[in-house]
Amino acid sequence: MDSPGPEKTVNTVAVKSSLLDSIKRCSLSGISIPKEELRMKITMPEYLRLAIRDSIASKRHSDATTGGDGGKPAECPLVVFINSKSGGRHGPELKARLQDLMGEEQVFDLQNVRPNEFVEYGLGCLEKFAGNGDNCAKETRERLRIVVAGGDGTVGWVLGCLGVLHKESRNPVPPTAVIPLGTGNDLSRSFGWGGSFPFSWRAAIKRTLDKATHAPTSRLDSWNLLISMPSGINLEAPHSLKQIEEVVLDQNLEIQGKLPEKVSCYQGVFYNYFSIGMDAQVAYGFHHLRNEKPYLAQGPISNKMIYSGYSCKQGWFFTPCMADPGLRGLKNILRLHVKRLNSSEWELVPIPSSVRSIVALNLHSYASGRNPWGKLKPEYMEKRGFVEANADDGLLEVFGFKQGWHASFVMVELISAKHMAQAAAIRFELRGGAWKQAFMQMDGEPWKQPLKNEFSTFVDIERVPFRSVMINGG
């Protein structure tokens with residue numbers, strides 16, 4: 001038998017080497033991403049990284065009139081915002097891993113650098129260099145994408161800060177991907193980034209960053225919420241609500257209570273949901289319990305167990321409505337008006353007497369991936385005047401829960417929620433009476449809303465004109 005010639009031997013070795021490389025790149029969870037290739041794709045030139053870091057640290061734009069030698073822009077530069085307190089014990093490890101993959105100047109711990117500081121000074125630095133003729137800075141700014149490692153609240157915080165770019169005509173607005181570190185992670189689920197932090201996260205992080213560089217984008221509605229309440233009431237507002245100057249409300253609808261002479265106004269933005277009633281009361285109690293005893297909540301599973309127990313304790317499941325005036329149906333304290341899509345007229349929506357919680361939902365994913373609005377049949381939608389629900393359709397789906405058991409059966413799709421409306425704008429009028437307070441929440445941040453008997457409190461919701469840009473991971 002003839003021995004193989006040199007060319008045949010080389011080809012055989014090459015094929016074996018290629019096969020071994022392929023095997024090395026494969027794992028149970030998919031194809032491995034070469035570290036150096038990824039780093040080259042997402043890492044900015046050093047002079048830009050340092051200039052951005054210095055601008056943010058000094059809280060002023062760089063004094064340099066040019067970026068330096070220009071350099072070659074990355075194919076798809078990424079900036080990561082991480083809430084290192086999320087993700088349990090993995091938070092600090094994840095931060096270190098991200099810094100290893102792309103340089104520490106492109107990874108911002110939200111405990112130290114707020115997203116509004118990056119938008120004002122970091123992106124401002126790139127824009128200044130670009131305005132001075134630095135093409136590398138210009139292309140970096142145009143190609144930039146954002147990754148948020150955190151829960152829904154963290155993602156919403158970053159999206160809100162990026163929205164300022166649109167208001168200031170500083171386009172393009174970088175699209176956003178998500179590494180889910182929260183409990184519910186409904187924003188992450190809705191855009192294909194998963195509902196939980198992966199067990200094999202070290203390999204998954206590389207795949208996530210790589211996917212964030214090339215995945216397509218889609219739009220996300222955000223909703224402005226305005227509370228107008230009688231002045232003199234002390235409101236312990238969550239982080240998502242900020243006090244603002246008095247705003248003149250739309251007067252083109254009948255109100256049942258009296259308008260106060262002086263009002264206090266609070267404003268906030270949500271991306272997934274606003275709710276009022278018993279579910280928000282349970283969330284409020286759980287939120288304060290977790291703050292007072294953080295050792296009880298060590299991760300998503302323990303959080304959900306504690307939340308379920310607290311739901312029972314608060315009467316969401318077991319206490320009959322007549323046992324406490326505070327547990328009666330919402331019909332006793334509020335009226336609901338909505339504007340339909342492409343309509344300027346307010347419409348009064350009747351509230352069933354059994355409803356103890358009302359939710360206005362933007363995404364398909366709620367309470368860790370459930371879809372309480374459900375997949376409605378075409379004939380039912382036609383009868384009710386509904387359209388297919390989407391995250392960018394300019395509509396909120398408004399529905400009610402009777403009590404905890406009803407909500408639980410809705411979540412597992414055994415029964416339907418109380419479909420009430422699809423709304424392009426919403427007004428809740430709260431009247432007080434036997435209730436001295438109501439509980440509300442938006443995107444997981446609950447608060448206690450004080451009420452007065454003689455004057456109405458109003459909650460107005462309308463869509464923000466600008467739609468956020470999200471990267472689709474699935």
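Structure shown above.
Computed from a prediction, not measured in an experiment: that's the story for all the values here.

1. Focus on the nonpolar core
Counting 64 residues, the largest nonpolar core has Leu94, Phe118, Ile146, Leu209 and Leu220 as its most contacted members. Broken down by element, this core gets its largest block of residues, seven residues, from helix α5 (residues 115-131). Counting 37 residues, the second-largest nonpolar core is a separate cluster that includes Met229, Leu235, Ile351 and Met440.

2. Remarks on the environment of Ile426
If you trace the backbone, Ile426 turns up in strand β17 (residues 425-430). On the basis of relative accessible area, Ile426 is assigned to the buried category, the value being 1%. As a C-alpha pair, Ile426 and His337 span 89 residues in sequence and 5.9 Å in three-dimensional space. Beyond its immediate chain neighbours, meaning those up to four positions away, Ile426 contacts Leu336, His337, Val338, Trp346, Ala360, Leu396, Val398, Val459, Asp460 and Ile461.

3. Digging into the pattern of salt bridges
Counted according to the given criterion, the structure contains 19 salt bridges. A salt bridge links Asp100 to Arg39, with the shortest nitrogen-to-oxygen separation between them at 4.0 Å. Remark: Arg39 occurs in helix α2 (residues 35-42) and Asp100 occurs in helix α4 (residues 90-102); sequence separation between them is 61 residues. For Arg39, a relative accessible area of 22% gives the class partly exposed. Through salt bridges with shared partners, a single ionic network connects Lys35, Glu36, Arg39, Arg97 and Asp100.

4. Thoughts on the environment of Leu259
By the element assignment, Leu259 lies in the loop between β9 (242-244) and β10 (263-270). Residue Leu259 is classed as partly exposed on the basis of its relative accessible area of 42%. Excluding anything up to four places from it in sequence, Leu259 contacts Gln251, Phe455 and Phe458.

5. So, the pairing of β10
Counting buried positions along β10 gives six out of eight residues, so the element sits mostly inside the fold. Across eight bridges, strand β8 (residues 223-230) lies against β10 in antiparallel orientation. Among the inter-strand pairings, Ser228 is bridged to a residue of β10, identified as Cys265. Sheet topology note: the β9/β10 ladder contains three bridges and is antiparallel. Each bridged residue has a counterpart across the sheet, and for Lys242 the counterpart in β10 is Gln267.

6. Some thoughts on helix α7 (residues 152-167)
Counted at 1.5 Å a residue, the expected span for α7 with its 16 residues is 22 Å, and the 23 Å between its end C-alpha atoms agrees. Residue Ser169 follows α7 closely and has a positive phi angle near 55°.

7. Focus: the sheet that holds strand β20 (residues 457-463)
Read from one edge of the open sheet, seven strands run β9-β10-β8-β20-β17-β12-β13, paired in antiparallel fashion. Looking along the sheet, the strands with just one partner apiece sit at the ends: β9 and β13 (346-349). In this sheet, adjacent strand axes meet at a mean angle of 25° when their direction is disregarded. Sheet topology note: the strand β12 (residues 334-339)/β17 ladder contains six bridges and is antiparallel. Residue pairing for β17: Arg335 is matched across the bridge by Glu429.

8. Digging into the side chain of Ser468
Residue placement: Ser468 occurs in strand β21 (residues 468-471). Residue Ser468 is classed as buried on the basis of its relative accessible area of 4%. Apart from the residues within four sequence positions on either side, Ser468 is in contact with Leu159, Ser218, Arg219, Leu220 and Tyr271.

9. Concerning unusual backbone geometry
A cis amide bond links Asn171 with the next residue in sequence, Pro172, at an omega value of 0°. Tracing the backbone through its elements, the reader meets Pro172 in the loop between α7 and β6 (176-180). Even without glycine at this site, Lys59 takes up a positive phi of about 55°. The exposure class assigned to Lys59 is partly exposed, which follows from its relative accessible area of 39%. In this model, Asn185 sits at a positive phi of 55°, which is unusual for a non-glycine residue. Mapped onto the elements, Asn185 comes out in the loop between β6 and α8 (186-190).

Parameters at a glance
- Residues numbered from 1 in each chain as written.
- Predicted model: local features only at pLDDT ≥ 70, side-chain atom pairs only at ≥ 80, totals over all residues.
- Heavy atoms only, no water.
- Core = buried A, V, L, I, M, F, W, Y, C linked by side-chain atoms within 4.5 Å.
- Buried < 20%, exposed > 50% of the residue type's maximum accessible area, 1.4 Å probe, protein only.
- Helix = DSSP H or I, 4+ residues; strand = E, 2+ residues; numbered from the N terminus.
- Contact = heavy atoms within 4.5 Å.
- Salt bridge = Lys/Arg side-chain N within 4 Å of Asp/Glu carboxyl O.
- Pairing = 2+ DSSP bridges.
- Expected span 1.5 Å × (residues − 1).
- Axes fitted to C-alpha atoms, helices over the stretch in contact; angles between N-to-C directions.

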